[in-house]
Amino acid sequence: QMDTVGDGGSLLNDVERKQRYERMMRRGEVILLICAMEKKTQSQSMTSLIKWTTRSFESKVNHSLKLKIIVLSEHDILYTSIEQWPECDAFIAFHSRGFPLSKALHYDRMYKPLSLCDIPQQFKLLDRRKVYLLLDSHKIATLPRIIVERDSHGNTLLPFRQEGDTLFCGDEMLHKPFVEKPIDAEDHNIVLYFANGQGARKLFRKTKSSCSRYDPEVVNVRVDSSYIYERYAQCEPQIDIKVYAVAGRNIFIHAEARRSPTVHSNVLRTENGREARQLIQLTEQEKGIAELLVKTTGQFVCGFDLIRTNSESFVIDVNGWSFVKNYEPFFMHCGDNLAETLISSLGILGDT
(Lines give C-alpha, C1' and ligand atoms only; values in the text may rest on other atoms or scores of the structure.)
Protein backbone atom coordinates (compact mmCIF):
# COMPACT_ATOMS: atom_id res chain seq x y z
CA GLN A 1 0.00 0.00 0.00
CA MET A 2 0.94 3.63 -0.41
CA ASP A 3 2.36 5.52 2.54
CA THR A 4 -0.32 7.87 3.80
CA VAL A 5 1.27 9.67 6.74
CA GLY A 6 3.98 12.28 7.16
CA ASP A 7 6.71 13.40 4.83
CA GLY A 8 9.72 11.09 4.41
CA GLY A 9 7.94 7.85 3.58
CA SER A 10 5.89 9.51 0.86
CA LEU A 11 9.13 10.04 -1.08
CA LEU A 12 9.57 6.30 -1.64
CA ASN A 13 8.79 4.83 -5.03
CA ASP A 14 7.12 1.44 -5.45
CA VAL A 15 10.42 -0.44 -5.70
CA GLU A 16 11.71 1.17 -2.49
CA ARG A 17 8.48 0.32 -0.68
CA LYS A 18 8.79 -3.28 -1.77
CA GLN A 19 12.41 -3.38 -0.57
CA ARG A 20 11.40 -1.95 2.80
CA TYR A 21 8.65 -4.54 3.14
CA GLU A 22 11.09 -7.37 2.30
CA ARG A 23 13.56 -6.06 4.90
CA MET A 24 10.85 -6.08 7.55
CA MET A 25 9.85 -9.63 6.69
CA ARG A 26 13.47 -10.89 6.68
CA ARG A 27 14.22 -9.47 10.11
CA GLY A 28 10.77 -10.41 11.43
CA GLU A 29 10.10 -7.02 12.95
CA VAL A 30 8.92 -3.52 12.22
CA ILE A 31 11.20 -0.87 13.71
CA LEU A 32 9.58 2.31 15.01
CA LEU A 33 12.05 4.99 16.07
CA ILE A 34 10.86 7.63 18.54
CA CYS A 35 12.93 10.81 18.56
CA ALA A 36 12.11 13.47 21.16
CA MET A 37 13.56 15.14 24.22
CA GLU A 38 13.98 13.03 27.35
CA LYS A 39 11.31 14.91 29.29
CA LYS A 40 8.81 13.61 26.75
CA THR A 41 10.14 10.12 26.09
CA GLN A 42 10.68 9.27 29.77
CA SER A 43 7.19 10.38 30.80
CA GLN A 44 4.43 8.07 31.98
CA SER A 45 2.44 9.20 28.95
CA MET A 46 5.05 7.83 26.53
CA THR A 47 5.32 4.60 28.52
CA SER A 48 1.56 4.14 28.19
CA LEU A 49 1.61 4.88 24.47
CA ILE A 50 4.38 2.33 23.84
CA LYS A 51 2.56 -0.29 25.91
CA TRP A 52 -0.78 0.06 24.15
CA THR A 53 0.76 0.36 20.68
CA THR A 54 2.71 -2.87 21.17
CA ARG A 55 -0.33 -4.73 22.49
CA SER A 56 -2.52 -3.52 19.67
CA PHE A 57 0.03 -4.33 16.98
CA GLU A 58 0.52 -7.87 18.26
CA SER A 59 -3.24 -8.44 18.40
CA LYS A 60 -3.78 -7.24 14.84
CA VAL A 61 -0.88 -8.94 13.03
CA ASN A 62 -1.56 -12.66 12.77
CA HIS A 63 1.95 -13.84 11.91
CA SER A 64 5.35 -13.70 13.51
CA LEU A 65 6.14 -10.09 12.59
CA LYS A 66 6.88 -8.12 15.77
CA LEU A 67 6.97 -4.43 16.56
CA LYS A 68 10.28 -3.12 17.90
CA ILE A 69 10.10 0.38 19.35
CA ILE A 70 13.42 2.19 19.82
CA VAL A 71 13.50 5.39 21.87
CA LEU A 72 16.52 7.43 20.83
CA SER A 73 18.41 8.87 23.79
CA GLU A 74 18.63 12.62 24.20
CA HIS A 75 22.42 12.33 24.11
CA ASP A 76 22.30 10.67 20.69
CA ILE A 77 19.75 13.19 19.44
CA LEU A 78 21.94 16.12 20.42
CA TYR A 79 25.49 14.85 20.03
CA THR A 80 25.73 11.95 17.56
CA SER A 81 25.45 12.17 13.79
CA ILE A 82 22.32 10.89 12.07
CA GLU A 83 24.48 8.26 10.35
CA GLN A 84 24.86 6.70 13.80
CA TRP A 85 21.13 6.70 14.51
CA PRO A 86 19.44 3.34 13.92
CA GLU A 87 17.61 2.94 10.63
CA CYS A 88 13.89 2.39 10.98
CA ASP A 89 10.72 1.67 9.07
CA ALA A 90 8.63 4.31 10.82
CA PHE A 91 9.70 7.51 12.53
CA ILE A 92 8.09 9.71 15.18
CA ALA A 93 9.99 12.95 15.78
CA PHE A 94 8.37 15.88 17.51
CA HIS A 95 9.64 19.20 18.76
CA SER A 96 9.90 20.55 22.27
CA ARG A 97 12.31 23.13 23.69
CA GLY A 98 15.91 22.26 22.75
CA PHE A 99 15.03 19.67 20.12
CA PRO A 100 17.12 19.86 16.89
CA LEU A 101 14.27 19.79 14.39
CA SER A 102 16.55 20.40 11.39
CA LYS A 103 18.62 17.36 12.33
CA ALA A 104 15.51 15.19 12.51
CA LEU A 105 14.44 16.49 9.11
CA HIS A 106 17.86 15.59 7.68
CA TYR A 107 17.44 12.02 8.99
CA ASP A 108 13.92 11.87 7.58
CA ARG A 109 15.10 12.98 4.13
CA MET A 110 18.09 10.66 4.09
CA TYR A 111 16.44 7.38 5.16
CA LYS A 112 12.83 8.03 4.06
CA PRO A 113 11.00 6.16 6.82
CA LEU A 114 7.25 6.36 7.22
CA SER A 115 7.16 9.71 9.02
CA LEU A 116 4.24 9.96 11.42
CA CYS A 117 4.76 13.62 12.39
CA ASP A 118 5.32 15.88 9.38
CA ILE A 119 8.54 17.72 10.20
CA PRO A 120 8.29 20.65 7.74
CA GLN A 121 4.86 21.39 9.20
CA GLN A 122 6.39 21.46 12.68
CA PHE A 123 8.59 24.37 11.61
CA LYS A 124 5.41 26.26 10.72
CA LEU A 125 3.83 25.47 14.08
CA LEU A 126 6.72 27.29 15.80
CA ASP A 127 5.64 30.60 14.22
CA ARG A 128 2.21 31.89 15.27
CA ARG A 129 1.92 33.91 12.03
CA LYS A 130 2.16 30.71 9.98
CA VAL A 131 -0.26 28.94 12.30
CA TYR A 132 -2.87 31.62 11.65
CA LEU A 133 -2.24 31.44 7.91
CA LEU A 134 -2.86 27.69 8.10
CA LEU A 135 -6.08 28.23 10.03
CA ASP A 136 -7.25 30.93 7.62
CA SER A 137 -6.49 28.80 4.56
CA HIS A 138 -8.86 26.13 5.86
CA LYS A 139 -11.49 28.63 7.01
CA ILE A 140 -11.11 27.61 10.65
CA ALA A 141 -12.64 30.23 12.92
CA THR A 142 -10.22 32.57 14.68
CA LEU A 143 -10.70 35.90 16.42
CA PRO A 144 -10.02 39.23 14.66
CA ARG A 145 -6.35 40.18 14.88
CA ILE A 146 -3.60 42.44 13.62
CA ILE A 147 0.08 41.54 13.30
CA VAL A 148 2.75 44.09 14.19
CA GLU A 149 6.07 42.99 12.67
CA ARG A 150 9.41 44.58 13.43
CA ASP A 151 12.75 44.24 11.69
CA SER A 152 16.08 43.47 13.38
CA HIS A 153 16.47 47.17 14.26
CA GLY A 154 13.09 47.30 16.02
CA ASN A 155 11.37 49.26 13.27
CA THR A 156 7.80 48.29 12.41
CA LEU A 157 7.25 47.13 8.83
CA LEU A 158 3.98 49.11 8.67
CA PRO A 159 3.09 52.42 10.33
CA PHE A 160 2.08 51.61 13.91
CA ARG A 161 0.81 53.59 16.87
CA GLN A 162 -1.24 53.20 20.03
CA GLU A 163 -3.81 55.83 20.90
CA GLY A 164 -5.46 55.11 24.21
CA ASP A 165 -7.35 51.81 23.89
CA THR A 166 -6.77 51.46 20.14
CA LEU A 167 -3.91 50.05 18.07
CA PHE A 168 -3.35 51.22 14.50
CA CYS A 169 -1.17 49.17 12.13
CA GLY A 170 -1.22 50.10 8.46
CA ASP A 171 -4.91 50.28 7.51
CA GLU A 172 -6.03 48.08 10.40
CA MET A 173 -7.13 48.89 13.92
CA LEU A 174 -7.99 46.91 17.04
CA HIS A 175 -9.63 48.10 20.26
CA LYS A 176 -9.01 46.83 23.78
CA PRO A 177 -9.53 44.38 25.31
CA PHE A 178 -7.06 42.37 23.26
CA VAL A 179 -4.44 39.65 23.78
CA GLU A 180 -0.79 40.19 22.81
CA LYS A 181 1.09 37.06 21.67
CA PRO A 182 4.75 36.78 20.62
CA ILE A 183 5.18 35.35 17.13
CA ASP A 184 7.43 32.65 18.61
CA ALA A 185 5.01 29.87 19.58
CA GLU A 186 7.48 28.68 22.24
CA ASP A 187 7.16 32.02 24.04
CA HIS A 188 4.23 31.83 26.46
CA ASN A 189 4.62 35.31 27.90
CA ILE A 190 1.24 36.57 26.74
CA VAL A 191 -0.49 39.75 27.90
CA LEU A 192 -4.21 40.56 28.07
CA TYR A 193 -4.81 44.34 28.00
CA PHE A 194 -8.05 45.67 29.48
CA ALA A 195 -9.91 48.76 28.27
CA ASN A 196 -10.29 52.12 30.02
CA GLY A 197 -6.86 52.09 31.65
CA GLN A 198 -7.69 49.04 33.77
CA GLY A 199 -4.24 47.46 33.42
CA ALA A 200 -3.29 44.07 32.06
CA ARG A 201 -3.01 40.42 33.01
CA LYS A 202 0.33 38.75 32.24
CA LEU A 203 0.14 35.05 31.38
CA PHE A 204 3.07 32.65 31.58
CA ARG A 205 3.93 28.97 31.80
CA LYS A 206 2.64 27.43 35.00
CA THR A 207 5.03 27.82 37.94
CA LYS A 208 3.84 25.82 40.94
CA SER A 209 0.33 27.20 41.39
CA SER A 210 0.59 30.41 39.35
CA CYS A 211 -0.35 30.91 35.71
CA SER A 212 -0.97 34.67 35.42
CA ARG A 213 -0.60 37.95 37.28
CA TYR A 214 -2.67 41.13 37.15
CA ASP A 215 -0.74 44.40 36.80
CA PRO A 216 -2.85 47.57 37.13
CA GLU A 217 -0.02 49.79 35.84
CA VAL A 218 0.45 48.23 32.39
CA VAL A 219 -1.53 50.01 29.68
CA ASN A 220 0.89 50.29 26.75
CA VAL A 221 1.79 47.32 24.53
CA ARG A 222 5.30 45.95 24.21
CA VAL A 223 7.50 47.39 21.45
CA ASP A 224 10.59 45.17 21.69
CA SER A 225 9.63 42.54 19.11
CA SER A 226 6.93 41.35 16.70
CA TYR A 227 3.53 40.53 18.17
CA ILE A 228 0.09 39.33 17.22
CA TYR A 229 -2.84 41.22 18.76
CA GLU A 230 -6.07 39.27 18.98
CA ARG A 231 -9.49 40.45 20.11
CA TYR A 232 -10.28 39.14 23.58
CA ALA A 233 -13.52 37.17 23.71
CA GLN A 234 -15.23 36.83 27.07
CA CYS A 235 -16.34 33.23 27.53
CA GLU A 236 -19.03 31.77 29.75
CA PRO A 237 -18.14 29.68 31.61
CA GLN A 238 -14.62 31.07 31.94
CA ILE A 239 -12.73 28.07 30.61
CA ASP A 240 -10.23 27.05 27.94
CA ILE A 241 -10.77 23.81 26.07
CA LYS A 242 -7.73 21.63 25.37
CA VAL A 243 -8.32 19.31 22.41
CA TYR A 244 -6.20 16.32 21.37
CA ALA A 245 -6.83 14.72 17.98
CA VAL A 246 -5.21 11.41 17.01
CA ALA A 247 -4.73 10.52 13.34
CA GLY A 248 -5.91 7.23 11.90
CA ARG A 249 -8.64 5.62 9.86
CA ASN A 250 -11.01 6.63 12.65
CA ILE A 251 -9.70 9.89 14.09
CA PHE A 252 -9.93 9.87 17.88
CA ILE A 253 -10.68 13.15 19.67
CA HIS A 254 -10.29 13.87 23.38
CA ALA A 255 -11.15 17.20 25.04
CA GLU A 256 -10.69 18.65 28.51
CA ALA A 257 -11.72 21.96 30.07
CA ARG A 258 -9.64 23.98 32.54
CA ARG A 259 -10.30 27.34 34.09
CA SER A 260 -8.88 30.15 32.01
CA PRO A 261 -5.59 31.85 32.98
CA THR A 262 -6.96 35.08 31.46
CA VAL A 263 -9.34 35.22 34.43
CA HIS A 264 -7.65 33.32 37.26
CA SER A 265 -4.13 33.85 38.62
CA ASN A 266 -3.83 30.44 40.26
CA VAL A 267 -3.94 26.94 38.84
CA LEU A 268 -6.78 24.87 40.26
CA ARG A 269 -5.25 21.59 41.37
CA THR A 270 -6.56 18.21 42.48
CA GLU A 271 -5.66 16.47 45.74
CA ASN A 272 -2.66 14.79 44.07
CA GLY A 273 -1.31 18.14 42.85
CA ARG A 274 -2.24 17.90 39.16
CA GLU A 275 -4.04 20.65 37.28
CA ALA A 276 -7.78 20.10 37.58
CA ARG A 277 -9.41 19.37 34.24
CA GLN A 278 -12.79 17.98 33.28
CA LEU A 279 -13.74 15.88 30.28
CA ILE A 280 -15.93 17.87 27.95
CA GLN A 281 -18.10 17.04 24.95
CA LEU A 282 -17.28 18.88 21.74
CA THR A 283 -19.81 20.37 19.37
CA GLU A 284 -20.00 19.16 15.77
CA GLN A 285 -18.20 22.33 14.68
CA GLU A 286 -15.38 21.64 17.16
CA LYS A 287 -15.08 17.99 16.10
CA GLY A 288 -14.79 19.13 12.49
CA ILE A 289 -11.98 21.52 13.42
CA ALA A 290 -10.12 18.72 15.23
CA GLU A 291 -10.37 16.36 12.25
CA LEU A 292 -9.23 19.07 9.85
CA LEU A 293 -6.27 20.13 12.00
CA VAL A 294 -4.86 16.64 12.55
CA LYS A 295 -4.96 16.09 8.78
CA THR A 296 -3.60 19.46 7.66
CA THR A 297 -0.77 19.62 10.22
CA GLY A 298 0.36 16.07 9.40
CA GLN A 299 0.92 15.33 13.10
CA PHE A 300 -0.09 11.92 14.44
CA VAL A 301 -1.25 13.68 17.61
CA CYS A 302 -2.31 17.30 17.28
CA GLY A 303 -3.18 19.33 20.36
CA PHE A 304 -4.87 22.71 20.15
CA ASP A 305 -6.77 25.19 22.31
CA LEU A 306 -10.15 26.71 21.67
CA ILE A 307 -12.65 28.93 23.41
CA ARG A 308 -16.43 29.04 23.17
CA THR A 309 -18.61 32.12 22.90
CA ASN A 310 -22.38 32.24 22.67
CA SER A 311 -22.22 32.12 18.87
CA GLU A 312 -19.34 29.82 17.95
CA SER A 313 -15.93 28.40 18.88
CA PHE A 314 -12.54 29.85 17.98
CA VAL A 315 -9.08 28.28 17.82
CA ILE A 316 -6.57 30.31 19.84
CA ASP A 317 -3.46 28.08 19.69
CA VAL A 318 -2.13 25.00 17.87
CA ASN A 319 0.52 22.99 19.69
CA GLY A 320 1.25 19.98 17.50
CA TRP A 321 2.20 16.82 19.39
CA SER A 322 0.71 16.96 22.87
CA PHE A 323 -0.05 14.29 25.46
CA VAL A 324 -3.07 13.94 27.68
CA LYS A 325 -1.96 13.34 31.25
CA ASN A 326 -3.20 10.53 33.46
CA TYR A 327 -6.08 9.31 31.32
CA GLU A 328 -5.40 5.75 30.23
CA PRO A 329 -8.35 5.43 27.76
CA PHE A 330 -6.67 8.10 25.63
CA PHE A 331 -3.54 5.97 25.29
CA MET A 332 -5.57 2.86 24.49
CA HIS A 333 -7.15 4.68 21.54
CA CYS A 334 -3.89 6.38 20.58
CA GLY A 335 -1.95 3.08 20.64
CA ASP A 336 -4.66 1.34 18.62
CA ASN A 337 -4.63 4.07 15.96
CA LEU A 338 -0.83 4.05 15.83
CA ALA A 339 -0.66 0.26 15.40
CA GLU A 340 -3.35 0.37 12.73
CA THR A 341 -1.53 3.17 10.89
CA LEU A 342 1.75 1.24 10.92
CA ILE A 343 0.03 -1.87 9.57
CA SER A 344 -1.89 -0.12 6.80
CA SER A 345 0.76 2.39 5.73
CA LEU A 346 3.61 -0.13 5.69
CA GLY A 347 1.56 -2.66 3.75
CA ILE A 348 1.53 -5.32 6.47
CA LEU A 349 -1.10 -8.03 6.28
CA GLY A 350 -3.06 -8.01 9.52
CA ASP A 351 -6.53 -8.21 10.97
CA THR A 352 -7.46 -4.50 10.84
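Residues numbered from 1 in each chain as written. Predicted model: local features only at pLDDT ≥ 70, side-chain atom pairs only at ≥ 80, totals over all residues. Heavy atoms only, no water.

**Here we look at the pattern of salt bridges**
Step number 1: The tally for this structure, following the rule as stated, stands at 18 salt bridges.
Step number 2: With a closest N to O distance of 2.7 Å, Glu286 and Arg308 form a salt bridge. Linking Glu286 in helix α8 (residues 284–297) with Arg308 in strand β17 (residues 301–308), this pair joins segments that are 22 residues apart in sequence.
Step number 3: Since its relative accessible area comes to 0%, Glu286 is described here as buried.
Step number 4: Classification of Arg308 as partly exposed rests on a relative accessible area of 24%. (Salt bridge = Lys/Arg side-chain N within 4 Å of Asp/Glu carboxyl O. Helix = DSSP H or I, 4+ residues; strand = E, 2+ residues; numbered from the N terminus. Buried < 20%, exposed > 50% of the residue type's maximum accessible area, 1.4 Å probe, protein only.)

**Re the packing of aromatic side chains**
Step number 1: Per the counting criterion, the structure on display carries 13 aromatic pairs.
Step number 2: Measuring from ring centre to ring centre gives 4.6 Å for Phe94 and Trp321, while their planes differ by 5°; the resulting arrangement is stacked. Taken as a pair, Phe94 in the loop between β3 (90–93) and α5 (101–111) and Trp321 in the loop between β18 (313–320) and α9 (328–345) lie far apart in primary sequence, 227 residues in all. Each member of the pair, Phe94 as well as Trp321, is classed as buried.
Step number 3: On the basis of an interplanar angle of 55° and a centroid distance of 6.4 Å, the ring pair of Tyr227 and Tyr229 is categorised as tilted. This pair shows no difference in class: Tyr227 is buried, exactly as Tyr229 is.
Step number 4: Through a chain of ring-to-ring contacts, the aromatic side chains of Phe94, Tyr244, Phe252, Trp321, Phe323, Phe330 and Phe331 assemble into a single cluster.
Step number 5: Residue placement shows Arg55 over the ring face of Trp52; its charged tip is 4.8 Å from the ring centre.
Step number 6: The ring of Phe168 carries Arg161 above its face, with NZ or CZ at 4.1 Å from the centroid. (Phe/Tyr/Trp six-rings, centres within 6.5 Å; stacked < 30°, edge-to-face > 60°. Lys NZ or Arg CZ within 6 Å of the ring centre and 35° of its normal.)

**Focus on helix α1 (residues 14–27)**
Step number 1: Taking 1.5 Å per residue as the helical rise, α1 with its 14 residues ought to reach 20 Å, and the 20 Å between its terminal C-alpha atoms agrees with that figure.
Step number 2: By the burial criterion, the buried members of α1 are Arg17, Arg20 and Met24. With its buried residues spanning 60° around the axis, α1 presents them on a single face. Exposed residues lying more than 90 degrees from the buried face of α1 are Val15, Lys18 and Arg26.
Step number 3: Residues of α1 that are buried sit in contact with β1 (29–35), β4 (114–115) and α9.
Step number 4: At the N-terminal boundary of α1, the capping side chain belongs to Asn13, with an oxygen 3.1 Å from the backbone nitrogen of Val15.
Step number 5: The first or second residue beyond α1 is Gly28, which carries a positive phi of 75°. (Expected span 1.5 Å × (residues − 1). Arc of directions from axis to C-beta. Contact = heavy atoms within 4.5 Å. Polar contact = N/O pair within 3.5 Å; in protein donor to acceptor, adjacent residues only side chain to side chain.)

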